[in-house]
Amino acid sequence: MRPALEVTGLGVRYRRRWALRDCSLAVPAGRVAALVGPNGAGKTTLMHAAVGLLRPDRGSVAAHGEVAFVAQDKPLYEGFTVAETLDFGRRMNRRWDGRAARDRLGRLGIPLDRKVGRLSGGQQAQVALTLAVARRPDLLVLDEPLANLDPLARHDVMRSIMAEVAGRELTVLLSSHVVSDLEDTCDWLVVLNGGRLQVSGDIEDLLGGHLVLTGPAELAGGTMAGAAVVSASRTGRQAALLVRGEPLLDPRWQARRAGLEELVMGYLRSPESAALPGPAGVRA
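Here the structure is a predicted model, which is why all the values come from computation and not from measurement. (Residues numbered from 1 in each chain as written. Predicted model: local features only at pLDDT ≥ 70, side-chain atom pairs only at ≥ 80, totals over all residues. Heavy atoms only, no water.)

Draft legend 1. Geometry of the packing of helix α3 (residues 98-107) against helix α4 (residues 121-133). Close contact between α3 and α4 brings their axes to 9 Å; oriented N to C, the two are set at 155°. The orientation of α3 with respect to α4, classified from their angle, is roughly antiparallel. Regarding α3 and α4, the two cross each other, and that crossing is right-handed. Seen from α3, the contacting residues are Ala101, Arg104 and Leu105; seen from α4, they are Gln126, Val127, Leu129, Thr130 and Val133. Considering only residue class, the contact of α3 with α4 consists of five nonpolar, two polar and one charged. (Axes fitted to C-alpha atoms, helices over the stretch in contact; angles between N-to-C directions. Helix = DSSP H or I, 4+ residues; strand = E, 2+ residues; numbered from the N terminus. Parallel < 35°, antiparallel > 145°, perpendicular 65-115°, else oblique. Left-handed = near helix turned anticlockwise from the far one by under 90°. Contact = heavy atoms within 4.5 Å. Nonpolar A, V, L, I, M, F, W, Y, C, P; charged D, E, K, R; others polar.)

Here it is, written out as structure tokens:
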């Protein structure tokens, strides 16, 4: 099956600074992909390139099928009513499912006669998401859709995203700083750090391929046959390591599978580490 998004050797430069460099990845169709990384990592740049809002300086990016994009600031006309906003969306998009949009907002209890500017932050996020999904996209790109929302609104938005994915064939690429928001939603992970790709792959496979080791600090300085150390930290006489692979362990190590947040933070703390030796392959 053809990936929903293919990026090959992508490079984007702002004046003298490279925002992205040598970025290659593929997101399979039908996946919910989490795009994570620190501020300035290149997440928004990658998304803008994916939806055609900027032209790469190097490489290529191809999104297959219809694409819908919700920017981080969720731009909406605050003086419009919700009904006027939907009508504007209908006029601006050749593929538009107005009935589904109205039904969705009705289920969410968002009144059509209310001015957008008088809605709560969570309601505005839901209106922006409704505009995007009413276009019937094949790829939905969401830049920090949960930014500035309270915990209940964050949960409601993520739940509604999953409902859209379950209801039809849809691929989602969403960025977030809060890894815990992604654990029960996303099944594909992309980690950017310093404008470079560190990780891209199936989350279940990635978690299965990494261990967290804890043990005496003096063990942390040695080599580890069968595995690569991604990151290491020391607290007094104890050390904690995130490793990739299946090491032959000294019995003094205690080993367990890594959690998603541990995996992400381990790579972000070690910008030189990479989960894969080259461009990410696609696992359907």
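Draft legend 2. Inspection of the sheet that holds strand β4 (residues 58-63) at higher detail. The strand order across the open sheet formed by three strands is β2-β1-β4, and the pairing between neighbours is antiparallel. Looking along the sheet, the strands with just one partner apiece sit at the ends: β2 (17-27) and β4. Strand-to-strand twist of the sheet, defined as the mean angle between neighbouring strand axes without regard to direction, takes the value 25°. Sheet topology note: the strand β1 (residues 5-14)/β4 ladder contains five bridges and is antiparallel. Within the sheet, the bridge partner assigned to Thr8 lies in β4 and is Ser60. Against the sheet, helix α1 (residues 43-50) engages β1, β2 and β4, with an angle of about 120° to β1. (Pairing = 2+ DSSP bridges.)

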